[in-house]
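A look at the structure
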Amino acid sequence: MDPNAEKIVEPLRQSVKEQGDLVRKLKDENAPEIDVHKAVNELKARKKRLEDKILDLAPKSETIDRVKLEDLLKRRFFYDQSFAIYGGVTGLYDFGPMGCAIKSNFLHEWRKHFVLEEQMLEVDCVMLTPEPVLKASGHVDRFADYMVKDTVNGECFRADHLIKAHLEKISSDKKASQQLKDECETITTQLDGMTLAEMTAILRKFNMKSPVTNNELTDPIPFNLMFQTSIGPAGNIKGFLRPETAQGIFVNFKRLLEFNQGRLPFAAAQIGNSFRNEISPRSGLIRVREFTMAEIEHFVDANDKSHPKFTDVADVEVALYSACNQMDGKSPEKRRIGDAIKDRTIANETLAYFMARIYLFLTKMGADPNKFRFRQHLGNEMAHYACDCWDAEMKTSYGWVECVGCADRSAYDLTQHTKATGVRLVAEKRLKEPKNVHVTECQPERSLIGKTFKNDAKKLVAHLATLDETQVAQLEADLALNGATTLTVDEQQFKVTREMIVVKRYEKTVHVEEFVPAVIEPSFGIGRCIYAIFEHNFRIREGDEQRTYLAMPPIIAPYKCSVLPLSANDDFRSFTRQLSVALTQLGVSHRVDDGAGSIGRRYARTDEIAIPFGITVDFDSLKQPHSATLRERDSMLQIRAPIDELPTIVKDLAEGECVAVPLPC
């Protein structure tokens, strides 16, 4: 940032630091939770003002013309709104031929970079998920946003988005006082952390109405973001379309561990679609209702999160926006991954290893390193079970967008599914020396329980198997005192008598120790990654504002090469066909453009769809020895080479190989 801009933001940095120091002080003094919550919300408000100002002061060279980019993407059918001829459905998009090819190339390279390189176990699990699975994971109870409805026509709005839009409209009014503008700005930046009661109070204070009809609005209500459905013709099995792919991996952990011969650490990966019934989808591919995810669950001993290949990435430099820097009002810092581990900025080697690998992958795919950072979650942002969490964010015209989450999820998921099913999702490690342990077991009298509870007996038996030593002792005491006790399992009550249960205590020698593995999870939003890469590679030809193109790396480009006969001359056809056949045999995706228009116009057409190389067959190609020109998209430089050598040259260039080529024409 230049010195003049830095002077403007310095007071905002100081304001953030003061609030960050207050938050630290309150936590150190064990202040009431409500006071900490308010202080953190104010910290986030000040941090948002700082980041917005920094974005406003960014040089024009760092911004793109989003209207021109979106015109290009729509006109060349990279993607478009689904069911457009019926008026379209908000938050749903179809990928066209170019978008589909880019997405396919992205996922192909993702598999090579992660699944093959790390020898991961890839799975493909169903999208329909029974309710108990997502109840155990917490999605049924906590996966929600606040929503308001038009009281007349029932139209729904996401509460925080509606409040923000309304307050921005108030602030833009020339008659609004500075005090009112400041109040609106403060509320807007605190929306993320607001409770239901706080949002309701703001809606009523400002007398907000439907932005479409001006009708009255209901109070905000929680709206679960999962698409609900029923499984089977009777509709007895309640289910959801999965909101993430991860749960399919967790419920198959036992099978995956067996396949891996019981060894840890190991990683499982899955690519597939997920669904979130967003109240107000927006920003194109950034916030949609159906999207592709690529997720990795790396299972590791919670007491040993080192990584055998960490030294391979220790020298990788990335921009880290740590929680401390955020609270101090500082900018992200470019740091070596190895140094971030030494001073504990990043919690452990495995998490840091994947962060470095994410950075290397996305920059290889075309992300601009200068518009890339890892932002650490503040304490109040992290899920209650997470140990550390960093988001790979890319700067776009929409601001900084989270494209990949990289979290240490601890042992939460496997523990929850064990509690829900009674199936022990654990691993074993051999002890250096055998040891004697005291065992307390709760053994059910299955025949009596079966006669008493019939179809529900299995649920009770599974619950008894999950009780730890303390819970078994409490159950035994209750039965001894009262002769019977009531157990609640999934909101269903079971009256258990002392005849139904036998408690056994004994000592045994063990050679292995069971433990619940922790999980490190990199989670990619594919649509967001691709959109950010579109923005980072959007270009306008110098001297010609109308010629826009995508300077994407060959590795992700939809076609690697175009074949362009200079004109419709029949003598060019045999050479065009020869080149096309040779490129196909080498596995090089290409497009023959023998349509109307000058060669310059056709170059512009292929540049628009990110084709990095173009072979032109011209009148010199008819002469012996037969040759053609090869043009590079970004520099527009051309070389001439023998026709039978050009397919191999293009293949090597597209794969990033160093190639000895003739001097430019």
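The shown structure was predicted, so the numbers you read here are calculated from the model rather than taken from an experiment. (Residues numbered from 1 in each chain as written. Predicted model: local features only at pLDDT ≥ 70, side-chain atom pairs only at ≥ 80, totals over all residues. Heavy atoms only, no water.)

Here we come to the layout of surface pockets. By volume, the second largest pocket amounts to about 1,000 Å³. Breaking the lining of the second largest pocket down by element, the ones donating at least two residues are helix H16 (412–421), strand E17 (427–444), helix H18 (457–465), helix H19 (469–482) and strand E20 (501–515). Here the lining of the second largest pocket gets 10 residues from one element, more than from any other, and that element is E17. Counted by class, the lining of the second largest pocket contains 14 nonpolar, eight polar and 11 charged residues. (1 Å grid on protein atoms, 1.4 Å probe; cavity = no way out; pocket = protein on both sides within 12 Å on 5 of 7 lines; lining within 4 Å. Points joined across faces, edges and corners; volume = space filled by probe spheres on them. Helix = DSSP H or I, 4+ residues; strand = E, 2+ residues; numbered from the N terminus. Nonpolar A, V, L, I, M, F, W, Y, C, P; charged D, E, K, R; others polar.)

Turning next to the pattern of salt bridges. Scanning the model with the defined rule gives 50 salt bridges in all. The residue Asp-219 makes a salt bridge to Arg-204 at a minimum N-O spacing of 2.6 Å. Of this pair, Asp-219 sits in the loop between helix H9 (196–205) and strand E7 (221–224) while Arg-204 sits in helix H9, placing them 15 residues apart in sequence. Salt bridges sharing common partners tie together Glu-51, Arg-373, Arg-375, Asp-391 and Glu-393. (Salt bridge = Lys/Arg side-chain N within 4 Å of Asp/Glu carboxyl O.)

Here the focus is the sheet that holds E7. Strand order across the open sheet formed by three strands is E6-E5-E7, with antiparallel pairing between neighbours. Both edges of this open sheet fall to strand E6 (156–158) and E7, since each of them pairs with a single strand only. The average angle at which neighbouring strand axes cross in this sheet is 50°, direction not considered. Helix H7 (residues 159–172) contacts strand E5 (144–149) and E6 of the sheet and is inclined by roughly 80° relative to E6. (Pairing = 2+ DSSP bridges. Axes fitted to C-alpha atoms, helices over the stretch in contact; angles between N-to-C directions. Contact = heavy atoms within 4.5 Å.)

A cluster of nonpolar side chains, contributed by Phe-83, Ile-85, Tyr-86 and Val-89, occupies part of the molecular surface with about 530 Å² of accessible area. Of note, Phe-83 is situated in the loop between strand E1 (79–81) and strand E2 (93–95). (Patch = residues over 30% accessible without salt bridge, like charges linked within 9 Å, V, L, I, M, F, W, Y side chains within 5 Å. Areas by Shrake-Rupley, 256 points an atom, 1.4 Å probe, with all protein chains shown as cover.)

Take the packing of H7 against helix H8 (residues 178–190) next. When two helices pack together, their arrangement is given by the angle between the helix axes and by the axis-to-axis distance. Remark: H7 packs on H8, axes separated minimally by 9 Å, with the N-to-C direction vectors making an angle of 160°. The orientation of H7 relative to H8 falls into the category roughly antiparallel. Relative to H8, H7 is oriented so that their crossing is left-handed. Contact residues: H7 offers Ile-163, Lys-164, Leu-167, Ile-170 and Ser-171, while H8 offers Leu-180, Lys-181, Cys-184, Ile-187 and Thr-188. When its residues are assigned to classes, the contact of H7 with H8 shows six nonpolar, two polar and two charged. (Parallel < 35°, antiparallel > 145°, perpendicular 65-115°, else oblique. Left-handed = near helix turned anticlockwise from the far one by under 90°.)

Before going further, it helps to examine the sheet that holds strand E3 (residues 121–122). Taken in spatial order, the nine strands of this open sheet run E3-E10-E11-E21-E16-E15-E14-E12-E13, and their pairing is mixed. Two strands in the sheet have a free side with no partner beyond their single neighbour: E3 and strand E13 (333–336). By the bridge criterion, two bridges tie strand E12 (residues 317–321) to strand E14 (residues 372–376) in an arrangement that is parallel. Across the sheet, the residue bridging to Tyr-321 is Arg-375, located in E14.

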